[in-house]
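Survey of secondary and tertiary structure
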Protein chains: 6
Amino acid sequence: MTVPPLPRLMFETQVRHALLEDLGRAGDITTDAIIPPTETAKTALVARKAGVVAGLDVALLAFQLVDPTIKVQIEKPDGSRLAKHDAIATISGSVRGILTAERVALNFIGHLSGVASATRNVVDAVAGTKARIICTRKTIPGLRNLQKYAVRVGGGFNHRFGLDDAVLIKDNHIAAAGGIKPAVERARAVIGHLVKIELEVDTLDQLAEALEHGVDAVLLDNMDAPTLRRAVAMVAGRAVTEASGRITRETVPEIAAAGVDLISSGWITHSAPILDLGLDIA
Amino acid sequence: MTVPPLPRLMFETQVRHALLEDLGRAGDITTDAIIPPTETAKTALVARKAGVVAGLDVALLAFQLVDPTIKVQIEKPDGSRLAKHDAIATISGSVRGILTAERVALNFIGHLSGVASATRNVVDAVAGTKARIICTRKTIPGLRNLQKYAVRVGGGFNHRFGLDDAVLIKDNHIAAAGGIKPAVERARAVIGHLVKIELEVDTLDQLAEALEHGVDAVLLDNMDAPTLRRAVAMVAGRAVTEASGRITRETVPEIAAAGVDLISSGWITHSAPILDLGLDIA
Amino acid sequence: MTVPPLPRLMFETQVRHALLEDLGRAGDITTDAIIPPTETAKTALVARKAGVVAGLDVALLAFQLVDPTIKVQIEKPDGSRLAKHDAIATISGSVRGILTAERVALNFIGHLSGVASATRNVVDAVAGTKARIICTRKTIPGLRNLQKYAVRVGGGFNHRFGLDDAVLIKDNHIAAAGGIKPAVERARAVIGHLVKIELEVDTLDQLAEALEHGVDAVLLDNMDAPTLRRAVAMVAGRAVTEASGRITRETVPEIAAAGVDLISSGWITHSAPILDLGLDIA
Amino acid sequence: MTVPPLPRLMFETQVRHALLEDLGRAGDITTDAIIPPTETAKTALVARKAGVVAGLDVALLAFQLVDPTIKVQIEKPDGSRLAKHDAIATISGSVRGILTAERVALNFIGHLSGVASATRNVVDAVAGTKARIICTRKTIPGLRNLQKYAVRVGGGFNHRFGLDDAVLIKDNHIAAAGGIKPAVERARAVIGHLVKIELEVDTLDQLAEALEHGVDAVLLDNMDAPTLRRAVAMVAGRAVTEASGRITRETVPEIAAAGVDLISSGWITHSAPILDLGLDIA
Amino acid sequence: MTVPPLPRLMFETQVRHALLEDLGRAGDITTDAIIPPTETAKTALVARKAGVVAGLDVALLAFQLVDPTIKVQIEKPDGSRLAKHDAIATISGSVRGILTAERVALNFIGHLSGVASATRNVVDAVAGTKARIICTRKTIPGLRNLQKYAVRVGGGFNHRFGLDDAVLIKDNHIAAAGGIKPAVERARAVIGHLVKIELEVDTLDQLAEALEHGVDAVLLDNMDAPTLRRAVAMVAGRAVTEASGRITRETVPEIAAAGVDLISSGWITHSAPILDLGLDIA
Amino acid sequence: MTVPPLPRLMFETQVRHALLEDLGRAGDITTDAIIPPTETAKTALVARKAGVVAGLDVALLAFQLVDPTIKVQIEKPDGSRLAKHDAIATISGSVRGILTAERVALNFIGHLSGVASATRNVVDAVAGTKARIICTRKTIPGLRNLQKYAVRVGGGFNHRFGLDDAVLIKDNHIAAAGGIKPAVERARAVIGHLVKIELEVDTLDQLAEALEHGVDAVLLDNMDAPTLRRAVAMVAGRAVTEASGRITRETVPEIAAAGVDLISSGWITHSAPILDLGLDIA
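All figures in this text were calculated on a predicted structure; none of them were measured in a lab.

Regarding the relation of the copies chain A and chain D
Superposing chain A onto chain D requires a rotation of 120° together with a translation of 0.0 Å along the rotation axis, leaving an RMSD of 0.0 Å. In symmetry terms, the pair is related by a three-fold rotation axis. Judged by C-alpha distance, T13 of chain A is the residue of chain A that lies nearest the rotation axis, at 6.9 Å.

The structure is reproduced here in structure tokens:
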């Protein structure tokens, strides 16, 4: 099954805001001045580089909010691998509407495809291992739901969506609680039965202690591959293992080979460059 | 004079949305479970890499919206060049509040400092020439005002903020109008007296035609350095010259040396990686 | 540790909306006409029935948004058990402000204390067993975060906050998937590593099948106490057990005695009567 | 004529908020994982208890906002009396959309039907008298317009919608003004010509004084039936009489028999239990 | 007692929107470029024409939202009659903040004082009669609450605030109902006990019929003074009489002299010119 | 080419707010009580005075948001000159919907047509000269985009839309900067290449100084016609000339005859009376 789309109401406000951010108080004064209202065209959304497309529904909503009569035909749905010059969709209708919405549409789909492509790139690098690539809460403010969606489209999985959907105990929590044990116990005492606990450890000693307290997952922070390998051995299936820190396209295969279940990357959401896409008028 | 700050009401909604995006419906369940409400700490916002800081007011608002009693002392105001390990600000008060707001604050300041650092990097590369580095409308949806601010903080200048504050005539407009002349005339006939006209040209022939019609600026798209040099000579001060396309840290000095007034980069807003910052509890 | 408060920004919008809903376009025309602006008073928020208080921060924000100079002193913080006539807080300042905000403040705290009191009532009924009382997604539209908070204040725990923070497979899902096995497998294939799976079963046969597939929790729907007892024995600690359906103050002790881990009640959020509170001017 | 429906724009924001409250940042992860996008079904909205239905438009909007292709056929419009097992509406279309919107739709219609049913129950108890049952401003925050609508659907009438649409002088106003006379005079001096004045009285002496000042209505607070009977006789048609306090299904016939025009109940809005409704997939 | 102020939360959203409408995406680029951040000044809000001031709180909030350290001292509170050159308030603090907020502040207070002044002008013209001047629903979209407040400040009274706070039966309603009688009866059957009924009549025959059905008020539309006089005599105190149509400063004394209770004017809200106010830097 | 329409999303929020402002919490209680839901009618939007129509799309959206089945046929599109009694559009459908939306629709179109008519009136008065009539930032809060649009429809042009789209240096800026020269230099140093600079001058000496610094436009404030004539001669085409202050229908021809390029009027936006329009049921 392909990645299920988000319902439109989950991103409509974001698209409206982005359009108003661009239209300002006077609208597209260039297009309004120059393009006759009756002029129509057929345009192609085209990849200028190879990658993975994500965010078609979001981009297309931009066109439809500016002019509901614009028609769209999708050639490469979200998740498709794109070669340079591939046509992703055909957008036809009023030239005014198309040009007015173009930049916002491209900003969304370029960014989200950038996230999907970056994700896919890392996912491909660990193909053949059991490691899943996951994203973090290091996202662009205002776009978390869409970025997390793009990660899924790129073949990745999602870590927490926010502070409220799982417990993640970090060094500061442990320090303030006076140790791993009280930290875990306090969390376990109050959380719901569908909430899991993950604990960040920096050393194998901490890992040993964490395992005593039965956490669901351990975040193995900034460990090199040999250490990760030993950590995985120590865990021996008693918890999900997540490696984080220093993840790059180059280092990730070695980390995956260490046997961890998950490798988390902030970079795929906070720093992925856009995928270059353009709109060609036929 | 340093770059003037944006009034808080220009970004308060964005910070509130970002916090609610992270807090969800239950808030920071880890911190709430583990950290006693009375626990306080002094923390330092620290650079983990060299760069330029931008967005301190935005980040600090995140802390204050979560807990108005949190105190902040700024060491390196927006625009400061940071060395690795530099302390940017001291944030002290309730540990609960600090940990709850931390990620949103870092997401804002990391991203905006990334934009400022990327900008500064390119600006430095053209030092000694007259070329200004400018940003585009290729921004992250929802963050245009903040990204444009970060560009200024990084030493760059701003191109249009939206479709409504200047005329920029592109190839599609020219094609639909039936030529450069009618396109410019239609625009000039309706715009306000404080609105300028820029025209995109791909060739020197187009440039010659554009100059006949007295536009305020010409966007020289995807020209190599020798062609740019000839274009600048043709323009001879009659219009502002902007080079765009294929701008990288490596190519930009040569482009600047061609004598253009402006070099625009989409990359500094749509693809700048974050500047890595962290919060260290003392 | 007492139940941690929600940060103000998590409910400020709700309080503003509720005030504007009551103030309409002309404000409190009775008070404005009759009460001189300089008149001040000291008032006591008093329980008219016994119960558990919840929502003091929410109610107090209503007063402060109408008049920031109103002073509040809390006598019985959230979670306190109230006897009839107990004073919960003292609110003093402008009579105009107090009377204008009174109804909205009471509507919030009366409702939330009603939820907390209903929860506490059921929690007390299962004291001495291991059963926790949990709430559902059957909440009043617009108040889910606050109602879930009130449940915690009343000694209960929270089930899912929304459709997105855990998998709960119900009969319709099983039917559409063609069985328990494919349903569980499809879910497991895509969810994040901190997301748990609960499965609803109506019969012990279904339970047996569910246990084969290793779900984290089972929702034992509408089973009588003897059946629940057999279900708990079958589960034998391999999953968390949740009983739901037909839960009342009268039936809940028997259900708890069956040995389930959790008993979920929609009634404590969708149908709890308010706790009667009033504001007495001294 | 049946109760006129509210225009959709009067509740669309509430439905959108409720859906987003449930969908969170990831949407319906269970349904998305398990149900194929092409699966369709026909479902029936069915009463699980007897009562009066209210809020169909609101509930149906929830389905349509999640998936505009979902089709609805109404069998029992708002105001219909329902027997257990009655089918209220048929909802057909995408199973994904139906399951995703189901809980929000049921939360609205269950709550509003609960209000309508509670109202109808009291209205029926006073059948044959002239007494009308009216609601108060003791409503659930954020739902006042919808609850007031549900009261009308249940056969009740509406008291004030907010602080701004009529004058209601209570004991605190009288005390601050220094008596009934100055309170009424101050109000009359400033209100619009379409604004009525009601005055709350606790004793027959106060009532006598109120009648001297020509108020439009008197709120007879917490009086027993014999006192109410004497009050009605004293009023002798010179003002509308409203009884309030201690209203239950048991006491209300006696109160109505005392001859009052109106009986107000906070309970029907602040504490009405939901009407149990469910969605059965055919 | 002076006209009670509106609570800030009743207009804060409007002021925020107006500021953002003016600040756009870049803020006050002129002031930011030219005025040093440390520069302070003392300025006087001064009347450039005679009139009545209204909206000080609204205007001052604009300054405070831009810069909370700006200090204000009010010399002429809302409702004061202003002579040309009168100082209304002193605003002191950061020059940047003052200049940035100036136009929005003046737009609010100039408009609202214009409404108050226009109202006062008509009110003065009927001094010595019993006629009250009232406004209508013909208001500027988005400003109804503030315009209605300004009318009160100018000595006028308010007609309906919206479609929902009283019944006003017009010619189209009568036509659709098939006569005055069924129209009034249908309304009376469903409205709340604090809702009044007004009926518009164009002729004395209609008036006679209206009076038979006991409406609370009659709107005598577009009648000349002699006809109004006869209408008032016919009514003989059985209903409130409102004259509307063709109201000007010149005609209003004659209309008032006809003995009507109310004279409504759309002009004072939909067409009142602003009161010219300015900000002088000392 | 006619004035291009604004995309619906640029004013939809304003129309929704205006409708909710009028509908309040109970909706149109008069129409709902009296008009049967099945009643339909055909109505004509008619000019009651001569003028220029503006805002049809805005008004029609009001009808469609209340009832999407209402049909509209436009006879006189925006910009048409209207004679008294001219039919502007036919609106047909549910009487309930039409009457409920009528006032909001008329408030928008009456106001915007008032602005367009006032503008056209002044524009006609300068016909035959080169002077353009332009509006200012003295607009009604919340309506700037729509008022600016109405000015264009009336044949005028737009000055700045906000503080951020051009530099306008006024006396306070000059005073704070210590002269015209530093003020202009500071602005030029930081603005974008598409941002123009205008400078306000009160005397010819100031004008001389301004011209030395090469500003794009000069605002000649409150000069009489002979002085304006000398100013235009001094400028000699080196800057755009704008006259402002004391602009009336009577004085404007003389000012235009002085040879200025632009004449700005605050009155056409802040004080234009509405154009009287009505809805006649056929």
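A word on empty space enclosed by the protein
A water-sized probe, rolled over the atoms, reveals where empty space remains. The final tally for this structure, using the stated rule, is 16 cavities of 30 Å³ or more. For the largest cavity, the calculated volume is near 70 Å³. Every residue along the wall of the largest cavity is listed here: H111, I140, T269, H270, S271 and A272 of chain C together with H111, I140, T269, H270, S271 and A272 of chain D. Those elements that place two or more of their residues in the lining of the largest cavity are helix 11 (267-270) of chain C together with helix 11 (267-270) of chain D. Grouping the amino acids of the lining of the largest cavity by side-chain chemistry returns four nonpolar, eight polar and no charged.

Comments concerning the relation of the copies chain C and chain D
Each copy superposes on the other: chain C lies on chain D with an RMSD of 0.0 Å after a rotation of 180° and an axial shift of 0.0 Å. Look at the turn and shift together and you get a two-fold axis relating the two. Comparing contact sets, 100% of the residues at the interface of chain C also lie at the interface in chain D, consistent with an isologous, same-surface contact.

Digging into the domain arrangement of chain A
Residues and elements named next belong to chain A. Partitioning chain A into structural domains gives domain 1 (8-117 + 273-281) and domain 2 (124-270). Between the C-alpha centres of domain 1 and domain 2 the distance comes to 36 Å. Across the boundary between the two partners, domain 1 contributes 17 residues, which contact 15 residues of domain 2. Seen at the junction of domain 1 and domain 2, the total is one salt bridge. For the salt bridge of R81 with D124, the shortest nitrogen-to-oxygen distance reads 3.0 Å.

What to know about the interface of chain C and chain D
Of the residues lining the interface, 56 residues belong to chain C; the matching set on chain D comes to 56 residues. Both sides together, the interface formed by chain C and chain D hides about 4,600 Å², and carbon and sulfur atoms give 59% of it. Joining chain C to chain D, the criterion identifies four salt bridges. Residue D22 of chain C pairs with R144 of chain D through a salt bridge whose shortest N-O separation is 2.5 Å. At the surface where chain C touches chain D, the tally comes to 32 residue pairs in polar contact (both at pLDDT 80 or more). Of all the secondary structure elements, the ones that give two or more residues to the side of chain C that touches chain D are helix 1 (12-23), helix 2 (29-34), helix 4 (95-125), strand 7 (167-169), helix 6 (171-177) and helix 7 (180-190) of chain C.

Definitions and cut-offs
- Each chain carries its own residue numbering, running from 1 in the direction its sequence is written.
- Naming scheme: in the order in which they are written, chains are lettered from A and ligands are numbered from 1.
- The predicted origin of the model limits local features to residues at a pLDDT of at least 70 and limits the giving and counting of side-chain atom pairs to 80 or more, whereas totals for whole chains, interfaces and linings rest on all residues.
- Only hydrogens and water are set aside; all other atoms, that is, all heavy atoms of the structure, feed into the side-chain values.
- We superpose the copies by least squares over the C-alpha atoms of residues that have a pLDDT of at least 70 in both of them.
- Here a cavity denotes a set of grid points, spaced 1 Å apart and computed over the protein atoms alone, in which a 1.4 Å probe fits but from which it cannot get out, and a pocket denotes an open set meeting protein on both sides within 12 Å along at least five of seven lines; residues with an atom within 4 Å of a point are reported as lining.
- Grid points are joined across faces, edges and corners, and a volume is the space filled by probe spheres set on the points.
- Each helix is a run of DSSP H or I of at least 4 residues and each strand a run of E of at least 2, with the numbering of both proceeding from the N terminus.
- Asp, Glu, Lys and Arg are counted as charged, while Ala, Val, Leu, Ile, Met, Phe, Trp, Tyr, Cys and Pro are counted as nonpolar; the rest, among them Gly, fall into the polar class.
- Working rule for contacts: check all heavy atoms of both residues, and any pair within 4.5 Å makes them a contact.
- Residue ranges labeled as domains rest on an automatic or database domain assignment.
- Each salt bridge in this description consists of a side-chain nitrogen of Lys or Arg and a carboxyl oxygen of Asp or Glu lying within 4 Å of one another.
- Defined here as a combined quantity, buried area equals the accessible surface (1.4 Å probe) lost by two parts on assembly, summed across both.
- As used in this structure description, the phrase polar contact means that two N or O atoms lie within 3.5 Å; if the pair is within protein, one of them must be able to donate a hydrogen and the other to accept it, and residues adjacent in sequence are counted only when both atoms belong to side chains.

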